[in-house]
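Commentary on secondary and tertiary structure
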Amino acid sequence: MKQKLTLISKDMLPILKIQSTAIKALTDFLDKNEFLQMMPVMLSTVTDPLCHSVYDAKINYLGQELQLTKSMILHKQLALIPDEISKIYIMSPNIRLEKANCESSGRHLIEFSQLDIEMKKARKKEFMQLAEEMVVYAITKVKEKNSKELEQLGRKLQIPKTPFKVYDSKDFKESINDAEKRLSKEATEPFWILNHKREFYDMEDKTEKGYYHNYDLIWPEGFGEALSGAEREFEFKEIVRKMKERGMNLEDYESYLNVASKKLLKPSAGGGLGIERFVRYLAGKRHISEISPFAKVPGRKITF
Ligand code: AMP
Ligand code: MG
């Protein structure tokens, strides 16, 4: 299917105004909390392996194979190595060449941005509390500054109450995906789902094997996943064990593993908030392509 020209949609101006307010509020909030803003990495020898399959996005530069960034998770861990640096964020563009069957999900793009955050020595509770306050702050600002735009879009937005509800996937009788879908549809406020079995860098409990100290924030009204994050695995032995368990090729991560083997990685927790998905939620749009003039939807032909 061809890309629609959302560029000329009458809703684009109110949506961009809402997006501007939201991004400013998110970064203001982190600045106030003494986070350092770092610039994005877009090319590297290593990137996030992800826990689902996407097409390769690599380029060759002077004989060296470089990956387009899928997420900056590994770079966030590396950036926290110096003792003096403890709280960072990046407005990070990601390329994920998702399979065409994601077109109808309404929430996948092949090029998107996440607000990627990491805090040294933090545990999940601390990060989750920060994320809740940040999201509430941004929604409050949008309601204050963009009431006219929200009205133009016919969007009734609630300011969520904290603390958000927390579910643990070990209590679900259905699959985590089915539970997420169902709960998101039923919910009127954002909520958390803990404990997803996924990438090697999410911390697995040291005694309860298969229990992961990670979390997803889910938007209500059926809008689905907002943010994924975790306490991080930082010990070389554990990283190698989990990479092997996942059938990963360790040679592909040589530079990262070299650093990890020198015990340089520090404990941290963090997460990434999808910006386009946040704006889609704020604007109350059903398909993520409706909120960006240059949205690239999996499976659709790209024009601009
Ligand atoms: P992840 O760590 O893979 O969960 O990515 C972090 C966040 O980025 C997710 O929680 C989503 O909000 C957002 N995100 C992930 N993949 C996509 C995609 N293909 N298109 C748009 N947003 C995405
Ligand atoms: Mg996720």
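Remember, predicted model here, so these are calculated numbers, not experimental data.

Take the overall build of the chain next. Counting its secondary structure elements, the chain contains eight helices and eleven strands. Taking 304 residues into account, the globule formula puts the C-alpha radius of gyration at 19 Å, and the chain, at 19 Å, falls close to it. Considering only C-alpha atoms, the chain reaches an extent of 55 × 45 × 40 Å along its principal axes. Buried positions account for 53% of the 304 residues belonging to the chain. If you take every contact in the chain between residues at least 6 apart in sequence, the share linking residues at least 24 apart comes to 72%. With the model as given, the accessible surface of the chain reaches about 15100 Å², and the carbon-plus-sulfur share is 54%.

Turning our attention to the site of ligand 1. Lining the immediate environment of ligand 1, one finds 15 residues, of which R96, E98, E225, A226 and S228 sit closest. One nitrogen or oxygen atom from the side chain of R96 is found 2.7 Å from an oxygen atom belonging to ligand 1. Burial of ligand 1 by the protein chains amounts to 91% of its free accessible area of 480 Å². Residue contributions to the shell around ligand 1 peak at four residues, all from strand β10 (residues 224-231). Taken together, the residues that form the shell around ligand 1 break down as five nonpolar, five polar and five charged.

What the eight strands build is an open sheet, ordered β1-β5-β6-β11-β10-β9-β8-β7; its pairing is mixed. Single-partner strands in this sheet number two, and they are β1 (36-37) and β7 (165-168). The pairing of strand β8 (residues 191-194) with strand β9 (residues 214-219) spans four bridges and is classified as antiparallel. Bridged to I193 within β9 is D216. Each of β7, β8, β9 and β10 is contacted by helix α5 (residues 176-186), which is oriented at about 170 degrees to β8, the strand it contacts most. Lying over the sheet, helix α8 (residues 275-283) contacts β5 (87-95), β6 (111-120), β9, β10 and β11 (268-274), oriented at roughly 55 degrees with respect to β11.

The next thing to look at is the packing of aromatic side chains. Inspection of the entire model under this criterion finds eleven aromatic pairs. With centroids separated by 5.5 Å and ring planes inclined at 15 degrees, the aromatic side chains of F127 and Y215 adopt a geometry described as stacked. One end of the pair, F127, is in helix α3 (residues 124-145); the other, Y215, is in strand β9, and 88 residues separate them in sequence. By relative accessible area, F127 is classed as buried at 0%. Both rings, one in Y167 and one in F172, keep their centres 6.3 Å apart while their planes meet at 40 degrees; by these two values the pair is tilted. For F172, a relative accessible area of 16% gives the class buried. Cluster of aromatic residues (ring-pair linked, three or more members): F200, Y201, Y253 and Y256. A cation over an aromatic ring shows up here: K99 above the ring of Y55, its NZ or CZ 4.8 Å from the ring centre. Taking the ring centre of Y281 as reference, the NZ or CZ of R155 above it sits at 5.1 Å.

Definitions and cut-offs
Residues numbered from 1 in each chain as written. Chains lettered and ligands numbered in written order. Predicted model: local features only at pLDDT ≥ 70, side-chain atom pairs only at ≥ 80, totals over all residues. Heavy atoms only, no water. Helix = DSSP H or I, 4+ residues; strand = E, 2+ residues; numbered from the N terminus. Rg over C-alpha atoms; globule rule 2.2 N^0.38 Å. Buried < 20%, exposed > 50% of the residue type's maximum accessible area, 1.4 Å probe, protein only. Contact = heavy atoms within 4.5 Å. Areas by Shrake-Rupley, 256 points an atom, 1.4 Å probe, with all protein chains shown as cover. Near = heavy atom within 4 Å. Polar contact = N/O pair within 3.5 Å; in protein donor to acceptor, adjacent residues only side chain to side chain. Nonpolar A, V, L, I, M, F, W, Y, C, P; charged D, E, K, R; others polar. Pairing = 2+ DSSP bridges. Axes fitted to C-alpha atoms, helices over the stretch in contact; angles between N-to-C directions. Phe/Tyr/Trp six-rings, centres within 6.5 Å; stacked < 30°, edge-to-face > 60°. Lys NZ or Arg CZ within 6 Å of the ring centre and 35° of its normal.

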